[in-house]
Amino acid sequence: MDLVEPELKQGMVVVHDGKTRPQPVKLCLTEDSLTIKKEELVYVHSSSDEVENSGVSRERTVTVKRERIGGLGLSIKGGAEHHLPILVSRIFKDQAADKTGQLFVGDAITKVNGVNIEKYNHDNAVLCLRDAGEDVMITVKHFRPASLFLTRSLNRNSHHGTIVIDEDGRNKVPPGLKDAPKLEKHWADLHCIPLHFAHVTWYDTTSDKQRTNGFEVIAMDGTSTGVIHSDNNDNLNEWVRCINNNIQTLNNHSITMSNRLLLPNDQIIHMCWTAEKISLLNVKPGSPSWKPRFIAMRGSNIYFFETPPVSLVSTRDWLKCDTICKVYESMFRVLKDTELLDDRNNCYIIQAGSGESFYLSVETRHDMLRFEKAWFRANYLAVMHLKNKTFGCSWRNRICGLTLDLQSGFSLYDSESRETDSKCYLWSYKFSQLKGSADDGKNKLTLHFITDMNTRETEIRELECTNLQTLLFSMHAFLSAKLASVDPAFLRNI
């Protein structure tokens with residue numbers, strides 16, 4: 001497997017989720033995740049100049065001297081019936097609360113004269129404040145989410161609430177105030193996509209339409225970044241390269257660690273995301289024509305999943321796949337441009353001997369080459385472990401067994417004799433003697449064997465098979481494995 005050093009990268013792009021307007025964001029790529037950060041205004045206390053990430057600042061107690069006219073000089077909103085804290089929604093200029101210089105719109109009142117009112121409803125909180133006496137000790141925490149909403153409802157140019165918002169989005173603190181919360185711009189996490197078994201696509205995942213200036217990163221559970229855009233295609237290509245490198249490194253590591261716990265003939269050879277074309281028969285217009293599929297080659301099997309297995313060593317997770325095919329009983333073929341059904345490129349077909357057929361596509365030519373290489377390797381290892389396979393058939397009205405053997409080639413024996421040693425074979429040929437074959441697509445198979453290499457004389461053997469397609473695919477698998485076994489260069493490449 002190719003090992004690539006994980007990359008760290010960050011930069012500005014635009015993201016569009018298809019529901020809201022595109023917005024500028026910062027992408028931050030680490031070894032195992034891609035985080036989308038959005039710039040937002042948050043409160044910072046001037047004394048510490050630290051952002052309160054929880055949304056609620058540290059607790060503080062303020063003493064307010066009630067006035068004959070205007071009372072405490074503040075209004076409140078919220079309450080337990082609204083599943084909200086008791087919030088200071090307005091502070092009246094030059095009245096009691098404003099004169100303290102320590103209360104702000106968005107403060108959540110937790111105690112009045114030491115009595116906890118966090119679970120009070122609105123009316124009870126009003127009564128508690130009204131009956132609290134002349135000197136009222138109010139304990140508060142600044143509740144950032146509420147302050148952003150409440151301050152926007154005030155006049156941007158008034159002094160109500162002691163906070164005035166200027167044109168650049170920051171708040172101006174009136175002279176003499178200390179420890180007043182200030183609005184600062186900070187990067188907050190919008191999405192975080194784990195890269196383990198994630199995939200990157202330039203396509204609309206449900207169609208054959210390819211984006212020219214945007215890509216999407218989709219996690220193994222289907223969570224998406226949205227479409228990531230940039231006017232600079234070189235920048236986009238570099239992002240895709242870096243993200244794919246990190247995904248591949250994580251996946252390879254996961255496969256390597258899992259294979260240490262698996263038997264040699266049950267090793268994971270390749271895993272990847274691909275797109276499968278959905279049959280359009282009886283499908284309503286406008287319905288998706290493509291869907292993501294996760295394919296894994298393990299041992300002699302090919303697994304088709306909707307989502308990757310959570311555990312690579314758990315048999316239960318592997319049995320959750322939709323379809324399982326034997327690699328040596330299936331055919332893999334890369335499609336030519338003239339065979340493509342729509343605008344998706346890099347398409348191939350996997351056809352199982354049982355009759356199931358999958359029309360699939362990968363993102364790039366490099367992905368196709370990696371898949372093709374993995375297929376030949378999986379087929380070679382499966383046949384080497386299997387060594388031989390026998391198919392029921394009939395020859396000259398006799399019930400027989402046709403054996404494909406990696407060492408001896410084609411052999412036919414009489415099933416009625418129940419004998420399989422070489423003396424009872426009706427005929428036998430090496431793989432190298434096969435000149436060609438033909439079939440009627442139903443159950444008849446004709447094999448042409450060379451009997452004399454000098455004269456090129458041939459013998460024709462006609463068989464009737466109950467499972468013709470599986471036999472044909474298995475013949476191809478054994479011939480490919482035999483060729484690979486005598487070709488050192490091929491073995492090194494796989």
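Residues numbered from 1 in each chain as written. Predicted model: local features only at pLDDT ≥ 70, side-chain atom pairs only at ≥ 80, totals over all residues. Heavy atoms only, no water.

Student: Which parts of the structure should I look at to understand the overall build of the protein?
Tutor: Helix and strand counts for the protein come out as eight helices and 29 strands. When burial is assessed residue by residue, the protein has 46% of its 494 residues classed as buried. For the protein, the proportion of contacts with a sequence separation of at least 24, taken over those separated by at least 6, is 55%. On the protein, roughly 26,400 Å² of surface is accessible, and the fraction owed to carbon and sulfur atoms is 49%. (Helix = DSSP H or I, 4+ residues; strand = E, 2+ residues; numbered from the N terminus. Buried < 20%, exposed > 50% of the residue type's maximum accessible area, 1.4 Å probe, protein only. Contact = heavy atoms within 4.5 Å. Areas by Shrake-Rupley, 256 points an atom, 1.4 Å probe, with all protein chains shown as cover.)

Student: Sorry, what's going on with the environment of Phe-92 here?
Tutor: Structurally, Phe-92 can be placed in the loop between β6 (84-91) and α1 (96-100). Among all residues touching Phe-92, those that are not within four sequence positions of it are Gly-73, Leu-74, Ser-75 and Asp-98.

Student: Looking at this model, I keep getting lost on the sheet that holds strand β16 (residues 268-277). Mind explaining?
Tutor: Two pairing modes exist for strands in a sheet, parallel and antiparallel, and in both the strands are linked by backbone hydrogen bonds. Strands sit in the order β19-β18-β17-β16-β22-β21-β20 across an open sheet of seven strands; the sheet is antiparallel. Pairing within the sheet leaves two strands with one partner each, and these edge strands are β19 (323-326) and β20 (330-334). With strand direction ignored, the average angle separating the axes of adjacent strands in the sheet is 30 degrees. Where helix α6 (residues 365-386) meets the sheet, its contacts fall on β16, β17 (290-298), β18 (301-305), β20 and β21 (347-352), and the angle it forms with β20 comes to roughly 155 degrees. (Pairing = 2+ DSSP bridges. Axes fitted to C-alpha atoms, helices over the stretch in contact; angles between N-to-C directions.)

Student: Looking at this structure, I do not really get the confidence of the model for the protein. What am I missing?
Tutor: The predicted coordinates ought not to be read in detail in places where the model reports low pLDDT. For the protein, mean pLDDT is 85; residues scoring 70 or higher make up 84% of the total. Averaged over each element, pLDDT in the protein is lowest for strand β10 (residues 164-165) (33) and highest for β18 (97). Across residues 47-56, where pLDDT falls below 50, the model places 24 contacts with residues more than four positions away in sequence or in other chains. (pLDDT = per-residue confidence, 0-100.)

Student: Explain the sheet that holds strand β26 (residues 425-429) to me, please; I cannot follow it from the model alone.
Tutor: Overall, antiparallel pairing links the seven strands, which are arranged β26-β25-β24-β23-β29-β28-β27 in an open sheet. Where the open sheet ends on each side, the last strands, each with one partner, are β26 and β27 (434-439). With direction set aside, neighbouring strand axes in the sheet form an average angle of 30 degrees.

Student: Even after reading the chapter, I still don't get unusual backbone geometry, so can you show me in this structure?
Tutor: Leaving glycine out, the prevailing phi sign among residues is negative, and the prevailing peptide bond configuration is trans. Of note, the phi angle at Asn-346 is positive, near 55 degrees, even though the residue is not glycine. Along the chain, Asn-346 turns up in the loop between β20 and β21. In this structure, Lys-387 is a non-glycine residue whose phi angle is positive, near 70 degrees. Locating Lys-387 in the fold gives a position in the loop between α6 and β23 (388-395). According to the relative accessible area criterion, Lys-387 is partly exposed, its value standing at 48%.

Student: Help me understand the nonpolar core in this model?
Tutor: What tends to happen in soluble globular proteins is that the nonpolar side chains get buried as a cluster. Grouped together as the largest cluster of nonpolar side chains are 50 residues, with contacts concentrated most on Tyr-348, Ile-350, Phe-371, Phe-410, Trp-427, Leu-463 and Met-475. In terms of nonpolar packing, the next biggest core, distinct from the first, is built from 22 residues, Leu-27, Leu-195, Ile-243 and Ile-247 among them. (Core = buried A, V, L, I, M, F, W, Y, C linked by side-chain atoms within 4.5 Å.)

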